[in-house]
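Residue-level structural notes
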Amino acid sequence: LLNPIFPIYSSVSKLILTENTNWWNKQGEFNLKKVEINLYDNSSKLYNDFKLEEIDLISTSNFKTDEYIGKIGFNRNEYIGREYDFIAINTENDLLKNKEIRQAIKYGIRKEEIIFEVYNNTYFASEFPLDYGNYLYDKGNEVLVNYNVKNILNEAGWKFDGNIWRKNEQNKSLKTEISLMVNSQNEFQVQVAEKIKQQLENEGFKINILKVAENVYDNNVKNRNYEIALIGINASFNPNLYIFFGDNNLSNYKNESIDELLEEIINTNDENT
């Protein structure tokens, strides 16, 4: 539809897209004749030009734009992004290999509260890596059960003693004390980690936050050297669930049935399958 006109000089400040009149011979059928794209080297001038009506449209992932452009004089359209934050739980850990502990962590974290307090309600709570509209995920399959941490752990034989949950299992004395690793250079994830600590400790866990430098963090994730870790990825349009369930996944999770399903998926071209 549009032909780009690229400046021949290296310091590009603007791109101009014009109507391609040869496109399927559909001459004169489009109301949009030209689009001018301004390129900015800093966000301050971008927001200022927007407020001055020098530009008509901006796209941004900054959830604090109100601080720069106010709340009136423009229309806001929100769409689901590809940033996906989740907790990887190392299932080879003596405590975390217990399913009820992982369930308790899930139901002990109030995601909506974190989104409100840290992200100003500009993120949304996710239940699965595909639940942003991918055709493979059916929200109708979500099991909505009124679980709570106390019921989950009581039913599994855990006892609440000294402000923490305890259990003797296979000659081992276990208690719900866990280290949570987070990238110290990601300020928002550090805030999220603090909220998770607060929420889970209200449920009888002891959470030790490990704030590590980015290079150490990356190496620990690569080698699965953590108990639980707060991890952020950019999900693709064709997400690969191997990162969550396949060989060498981020939780060291092993399940033969899931392995067989993933193998079946790789070897089929049938969308229905």
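For clarity, every value in this text was computed on a predicted model and none was experimentally measured.

Rules used throughout
- Residues numbered from 1 in each chain as written.
- Predicted model: local features only at pLDDT ≥ 70, side-chain atom pairs only at ≥ 80, totals over all residues.
- Heavy atoms only, no water.
- Helix = DSSP H or I, 4+ residues; strand = E, 2+ residues; numbered from the N terminus.
- Expected span 1.5 Å × (residues − 1).
- Buried < 20%, exposed > 50% of the residue type's maximum accessible area, 1.4 Å probe, protein only.
- Contact = heavy atoms within 4.5 Å.
- Pairing = 2+ DSSP bridges.
- Axes fitted to C-alpha atoms, helices over the stretch in contact; angles between N-to-C directions.
- Salt bridge = Lys/Arg side-chain N within 4 Å of Asp/Glu carboxyl O.
- Parallel < 35°, antiparallel > 145°, perpendicular 65-115°, else oblique.
- Left-handed = near helix turned anticlockwise from the far one by under 90°.
- Nonpolar A, V, L, I, M, F, W, Y, C, P; charged D, E, K, R; others polar.
- Phe/Tyr/Trp six-rings, centres within 6.5 Å; stacked < 30°, edge-to-face > 60°.
- Lys NZ or Arg CZ within 6 Å of the ring centre and 35° of its normal.

1. Let's talk about helix α6 (residues 187–201)
Over its 15 residues, α6 extends 21 Å from the first C-alpha to the last, a length consistent with the 21 Å expected when each residue adds 1.5 Å. Listing the buried residues of α6 in full gives Q189, V190, V192, A193, I196, Q199 and L200. As for α6, its buried residues are in contact with β4 (83–89), α3 (99–108), α4 (111–119), β8 (177–183), β9 (206–212) and β10 (228–234).

2. Things to note about the sheet that holds β4
Within a sheet, adjacent strands bond to each other through the backbone by hydrogen bonds, running parallel or antiparallel. Strand order across the open sheet formed by 4 strands is β4-β10-β8-β9, with mixed pairing between neighbours. Each edge of the open sheet carries a strand with a single partner, namely β4 and β9. If you compare each strand with its neighbour and ignore which way they point, the axes differ by 30 degrees on average. As judged from the 7 bridges shared by β4 and β10, these two strands associate in the antiparallel manner. Across the sheet, E83 pairs through a bridge with N234, a residue of β10. Strands β8, β9 and β10 of the sheet are contacted by helix α7 (residues 214–222), whose axis makes an angle of about 120 degrees with β8.

3. Looking at the pattern of salt bridges
If you walk through the whole model with that rule in mind, you get 18 salt bridges. Two residues, E36 and K14, come together in a salt bridge whose shortest N-O distance is 3.2 Å. Pair noted here: E36 is in strand β3 (residues 34–38) and K14 is in strand β2 (residues 14–19), with a separation of 22 residues, a long-range link. With a relative accessible area of 42%, E36 lands in the partly exposed category. For D161, the salt bridge identified is with R166, shortest N-O distance 3.9 Å.

4. Observations regarding the packing of α4 against α6
Running from N to C, α4 and α6 point in directions that differ by 140 degrees, and their axes come no closer than 10 Å. What the angle tells us is that α4 and α6 run oblique. In this structure, the crossing between α4 and α6 has a hand that is right-handed. Residues E113, I114, E117, V118 and Y119 of α4 touch α6, and the partners they reach there are F188, Q189, Q191, V192, K195, I196 and Q199. Class assignment of the residues belonging to the contact of α4 with α6 gives a composition of 6 nonpolar, 3 polar and 3 charged.

5. Re the packing of aromatic side chains
Evaluated as defined, the whole model comprises 10 aromatic pairs. For the ring pair Y84 and F244, a centre distance of 6.0 Å and an interplane angle of 85 degrees mean the geometry is edge-to-face. Placement of Y84 in strand β4 and of F244 in helix α8 (residues 242–245) is noted, with a sequence separation of 160 residues between them. Three or more aromatic residues link up through ring pairs in this structure, and these residues are Y84, F86, F128, F244 and F245. Against the face of Y107 rests K106, its NZ or CZ located 5.4 Å from the ring centre.

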